[in-house]
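Chain by chain, the residues run as shown.
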Protein chains: 2
Amino acid sequence: MVPAAGQGERLGQGLPKALVEIGGEPLLCVTLARFESLGLLESAVIVIAPESRSVFRTVLDDAFPGRAFQLVDGGHERQQSVWNGLEALDSSTEVVVIHDAARPFVGHDSIRESIRGAEEVGAATVAIPCVDTILCSDDSGFLEPTPDRSKLWSCQTPQTFRVEVVRAAHRRAAEHNWTATDDATLVRASGGTVKLVEGSRENIKITTPGDLAYAAFLMEHDERFRLKPVSADRP
Amino acid sequence: MVPAAGQGERLGQGLPKALVEIGGEPLLCVTLARFESLGLLESAVIVIAPESRSVFRTVLDDAFPGRAFQLVDGGHERQQSVWNGLEALDSSTEVVVIHDAARPFVGHDSIRESIRGAEEVGAATVAIPCVDTILCSDDSGFLEPTPDRSKLWSCQTPQTFRVEVVRAAHRRAAEHNWTATDDATLVRASGGTVKLVEGSRENIKITTPGDLAYAAFLMEHDERFRLKPVSADRP
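Below is a short write-up of the structure. This is a predicted model, so every value here is computed, not measured. (Residues numbered from 1 in each chain as written. Chains lettered and ligands numbered in written order. Predicted model: local features only at pLDDT ≥ 70, side-chain atom pairs only at ≥ 80, totals over all residues. Heavy atoms only, no water.)

The next thing to look at is the layout of surface pockets. All names here are of chain B. Size it by volume and the second largest pocket reaches roughly 400 Å³. Surrounding the second largest pocket, 21 residues form its lining, Met-1, Leu-40, Ser-43, Ala-44 and Val-97 being those nearest its centre. Elements represented by at least two residues in the lining of the second largest pocket include exactly β6 (95–98) and α4 (108–121). At 3 residues, the largest contribution of residues to the lining of the second largest pocket is made by β6. (1 Å grid on protein atoms, 1.4 Å probe; cavity = no way out; pocket = protein on both sides within 12 Å on 5 of 7 lines; lining within 4 Å. Points joined across faces, edges and corners; volume = space filled by probe spheres on them. Helix = DSSP H or I, 4+ residues; strand = E, 2+ residues; numbered from the N terminus.)

Written out as structure tokens, the structure is:
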């Protein structure tokens, strides 16, 4: 499932964030292509802003002809959007991979490992060890003791779950009015076990114009992310 | 004081990190120029790798002719390098601004506010509210409850201190074998008060080739960071 309902105000292009272009392709399509080679697009659910349904349909039909993605209306917040996506899953789905549309450089290993983690313990999230020092503040803007960086991770996606685990966590969150910016946190708050899977630095979330510049750099310099390999150069 | 002894292996240019070029200028010179217009370069101490002393001297003499920066040999770790820099401060110094050479896009307001904070309470650090969700792990690689993001900050520099405060913290750290990747954490661990000053997103630390691409983007698109403003275009 790909939550793609964000508006992307910080990119300032007047387009849904998932449709902003990187390397000449809509972000969402680059992201989906990362999953295609793993055979994971067959039952993909994409959560979108309702008012953008027709443009999403057009873009996806053009990039993935013949593939009937299920488009689901998102809510006001990501958590509601994910819930809507969970409700729309085919009843035979056992494991759901939730991945941000705005992370086009996810590694295949990260996807595979997160699925394995969910199969083993019910839930897994991709994350990378914090490089920055993370400081804690009190309510008055003064420093609290600094946490041990070796136990801190910067959250990425995919987050992958056995469907009943993440559905139960979302229901519990709704009952208790818990909100979180990711789904693994809800599972943990509900008492579930979540395995951490180490991702990669390149798996950034595109948020600002500077991130687009970084994305262009990666697509140009890292052959894993090149859209059209120059095969003519090879013998 | 500018710790600039890092080797910058991840940039892969075979140069001390502080001398890698951005926008055609050595990183360190771009960073120092941010402080020049505030009149803060008069008594600057730059901590360098001892084996690179002559190249640093040449580069600095070229970029800032007539200004006699004090170059101090760094140690194996940043903490030791900062201590060496603190030992080298002129005895009349009351407040020391410590700023990473690799953060060329620091805002003038951040510098000013950190100095004000240090004058008020003895210590201040620039930091920005965490955008990423920060997850916590246990020792076995499973998720612990997620901390409240609203109290988490990503550490930047400058960190600014009354000299006796940061010296005492470093002495205490040496006694107790505390290590930290920043100096404000040492002051807090010693029981000191540290004010948080909100910095800016642009104040990144240049670490990877992707960061250099981001830096080039900023210098091209953000007039605050342009090295040569095109004044001819203005009436």
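Moving on to the state of the cysteines. Applying the stated rule across the entire model yields 0 disulfides over all chains. In this model Cys-136 of chain A remains outside any disulfide bridge; the closest cysteine sulfur is found in Cys-136 of chain B, 8.5 Å from its own. With relative accessibility at 16%, the residue Cys-136 of chain A sits in the buried group. Between Cys-130 of chain B, a cysteine without a disulfide, and Cys-130 of chain A, which holds the nearest cysteine sulfur, the sulfur-to-sulfur distance is 7.0 Å. (Disulfide = S-S within 2.5 Å. Buried < 20%, exposed > 50% of the residue type's maximum accessible area, 1.4 Å probe, protein only.)

Time to look at the packing of helix α3 (residues 78–88) of chain A against helix α5 (residues 163–176) of chain A. Pairs of packed helices are described in terms of their axes, by the angle between the two and the distance that separates them. All names here are of chain A. Between α3 and α5, whose axes approach to 11 Å, the crossing angle comes to 135°. By the criterion of interaxial angle, the relationship of α3 to α5 is oblique. In this structure, the crossing between α3 and α5 has a hand that is left-handed. Judged by residue contacts, Gln-79, Val-82, Trp-83, Leu-86 and Glu-87 of α3 engage Val-166, Arg-167, His-170, Arg-171 and Ala-173 from α5. A per-class count over the contact of α3 with α5 returns 5 nonpolar, 2 polar and 3 charged. (Axes fitted to C-alpha atoms, helices over the stretch in contact; angles between N-to-C directions. Parallel < 35°, antiparallel > 145°, perpendicular 65-115°, else oblique. Left-handed = near helix turned anticlockwise from the far one by under 90°. Contact = heavy atoms within 4.5 Å. Nonpolar A, V, L, I, M, F, W, Y, C, P; charged D, E, K, R; others polar.)

On to unusual backbone geometry, then. Residue and element names in this part refer to chain A. Here the amide bond leading from Thr-157 into Pro-158 is cis, since omega sits at 10°, within 30 degrees of zero. Looking at the secondary structure, you find Pro-158 in strand β10 (residues 152–162). Positive phi, normally seen in glycine, also occurs at Asn-177, with a value near 55°. Structurally, Asn-177 can be placed in the loop between α5 and α6 (183–189).

When chain A is fitted to chain B, the best match, at an RMSD of 0.0 Å, comes from turning it 180° and sliding it 0.0 Å along the axis. With respect to symmetry, the two chain copies, as superposed, fit the operation of a two-fold axis. Identified as the residue of chain A closest to the rotation axis by C-alpha distance is Tyr-214 of chain A, at 2.9 Å. A shared interface surface links the copies, since 100% of the contact residues of chain A are contact residues in chain B too. (Least-squares fit on C-alpha atoms with pLDDT ≥ 70 in both.)

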